[in-house]
Structure formats: C-alpha cells, structure tokens
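Coordinates in review
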Amino acid sequence: MRNVWIALIVILSIVAGALLGNMGPKIDERAVKSAQIAQFKDLSGSWRRLSDWDGSYRIVNFWATWCPPCLEEIPLFIALHQEFIDINMTFIGIAVDDAERVRYFVETNRVNYPVLVGSGDALRISEAFGNHRSGLPFTVFLSPDGTLIDTHSGVVPASKIREFAAKIR
C-alpha cells in the first residue's frame, strides 16, 4: 500500500509540474501596444517607434553586438529580408547596446533592414512582449495592426520565418 501512495504522489507531482510549467505569465495586450510607441533612436539619430511600421508585418529582433547567438542569426535576417522584400514584411533590429558599436557593426556587416538603439530600455520593452527572462536574442512577430502573433527566445530558425512569410503571401 505504501508503494501505491508513493507512486500516486510521484504521478500527481509530475502532472502538477507540467500544468504549472505551462502557465507562464500572460501577455498584457495594453503593454504590447504601449511598447510599440516607445521611442528609440535610429542610426542617424532620429527618434522612431515600432508603430512607424504599422501596416506591415514586423519581425522585431532584440539583440546586442556582445551576444554571440544574436550575431549568429543576423546574417539569416539579412538574407531573408532581401528574399522577402517583395511582401509586406519588415525586419527591425533593436540593439541593447552602445550606438557607436551598433553603427560600426551594421556598416561592417551591411545590415539591410532598420536598426534602432535602445540601450537598457530595450530590454524593458522586450519584457512587455513576453521576454520575462530578459534574454537575448528575443524576436517578436507582429501583425500590421500591431497585434502580437508570436515570439521566439534564442536564435530563430529560418523555417519559422519562412512559415511566417508563407502565411503573409
């Protein structure tokens, strides 16, 4: 009988852990909308908002020059931005970094999509999109009206972006 109780406790613990593990923090839609009007400087020093690109699907990538996984995925974004230039989809990078380092990186690597510089504020904004661990890279997929479609922590597989683009076409 004792073994039955132990087995029951183990099973209940596993089920409870699985259920609680799937109950992550909810996304606050108002916070998502507010995050899109936060201002960041572009590389020419002008203030921009994510809402400046309303009307197009957006893939917003939070990254930094000191983040190896971030640097791993940027060549993919450069290639896919060029590949999907004919559809209503825009890549936007938001660097959690120093403007001069970002400018040098963008020029050296010929980044072909808009890049904004957010310093520490960018991490706070990424949290509104669901980046509760403040990890980089973190990518957000937005609809033309700014609705949060999906997010991805870590390096985004090309297949995920291709699937997103296929739904747009």
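Description of the structure in this document. (Residues numbered from 1 in each chain as written. Predicted model: local features only at pLDDT ≥ 70, side-chain atom pairs only at ≥ 80, totals over all residues. Heavy atoms only, no water.)

**Concerning the overall build of the protein**
Summing up its helical and strand segments, the protein has six helices and seven strands in all. The linear arrangement of helices and strands in the protein, starting from the amino end, is α-α-β-β-β-α-β-α-β-α-β-β-α. Counting the 169 residues in the protein, one finds 41% classified as buried. For the protein, restricting intrachain contacts to residue pairs at least 6 apart in sequence, the fraction spanning at least 24 positions comes to 65%. Working note: accessible area of the protein is about 9,500 Å², and carbon and sulfur atoms make up 57% of it. (Helix = DSSP H or I, 4+ residues; strand = E, 2+ residues; numbered from the N terminus. Buried < 20%, exposed > 50% of the residue type's maximum accessible area, 1.4 Å probe, protein only. Contact = heavy atoms within 4.5 Å. Areas by Shrake-Rupley, 256 points an atom, 1.4 Å probe, with all protein chains shown as cover.)

**Examining the side chain of His152**
Structurally, His152 is set in strand E7 (residues 148–153). Of the residues examined, His152 reaches a relative accessible area of 17% and is grouped as buried. A distance of 3.4 Å separates a polar atom in the side chain of His152 from a polar atom in the side chain of Lys160. (Polar contact = N/O pair within 3.5 Å; in protein donor to acceptor, adjacent residues only side chain to side chain.)

**Observations regarding the state of the cysteines**
In total, this model carries one disulfide according to the counting rule given. Each sulfur of the disulfide joining Cys67 and Cys70 lies 2.4 Å from the other. The S-S bond linking Cys67 to Cys70 shows a torsion near 75 degrees; that makes this disulfide right-handed. Residue classification places Cys70 among the buried positions, given a relative accessible area of 0%. (Disulfide = S-S within 2.5 Å.)

**So, the pairing of E7**
Bridge count for strand E6 (residues 138–142) against E7 is five bridges, and the pairing is antiparallel. If you follow Phe141 over to E7, its bridge partner there is Asp150. (Pairing = 2+ DSSP bridges.)

**A look at the pairing of strand E3 (residues 57–63)**
Most of E3 is tucked away: six of the seven residues are buried. Examined bridge by bridge, E3 and strand E4 (residues 89–95) share seven bridges and lie parallel to one another. Bridge pairing links Arg58 to Thr90 in E4. Two elements, E3 and E6, share five bridges in a ladder whose sense is antiparallel. Bridged to Val60 within E6 is Val140.

**Considering the packing of helix H3 (residues 68–83) against helix H6 (residues 158–168)**
Between H3 and H6, the shortest axis-to-axis distance is 11 Å and the interhelical angle comes to 20 degrees. With respect to each other, H3 and H6 are oriented roughly parallel. The way H3 lies across H6 gives a crossing that is right-handed. Between H3 and H6, the contacting residues are Leu76, Phe77, Leu80 and Glu83 on the first element and Ala158, Ile161 and Arg162 on the second. (Axes fitted to C-alpha atoms, helices over the stretch in contact; angles between N-to-C directions. Parallel < 35°, antiparallel > 145°, perpendicular 65-115°, else oblique. Left-handed = near helix turned anticlockwise from the far one by under 90°.)

**Structural notes on the pattern of salt bridges**
A pair can form between side chains of opposite charge whenever their charged atoms are brought close. This model, assessed by the stated rule, comprises seven salt bridges. Close ionic contact of Arg103 with Glu100 constitutes a salt bridge, the shortest N to O distance being 2.5 Å. A residue pair is termed a helical-turn pair when its members lie 3 or 4 positions apart in one helix, as Arg103 and Glu100 do in helix H4 (residues 99–109) at three residues. We classify Arg103 as partly exposed; its relative accessible area is 22%. Given a relative accessible area of 52%, Glu100 falls into the exposed group. (Salt bridge = Lys/Arg side-chain N within 4 Å of Asp/Glu carboxyl O.)

**With respect to H3**
In an α-helix, one turn spans 3.6 residues, which is why side chains three or four residues apart end up on the same side. Under the 1.5 Å per step criterion, the end-to-end length of H3 is 24 Å for 16 residues, consistent within 8% with the ideal 22 Å. Looking at H3, one finds that the buried residues are Cys70, Glu73, Ile74, Phe77, Ile78, Leu80 and His81. For H3, the secondary structure elements touched by its buried residues are E3, E4, H4, E6 and H6. (Expected span 1.5 Å × (residues − 1).)

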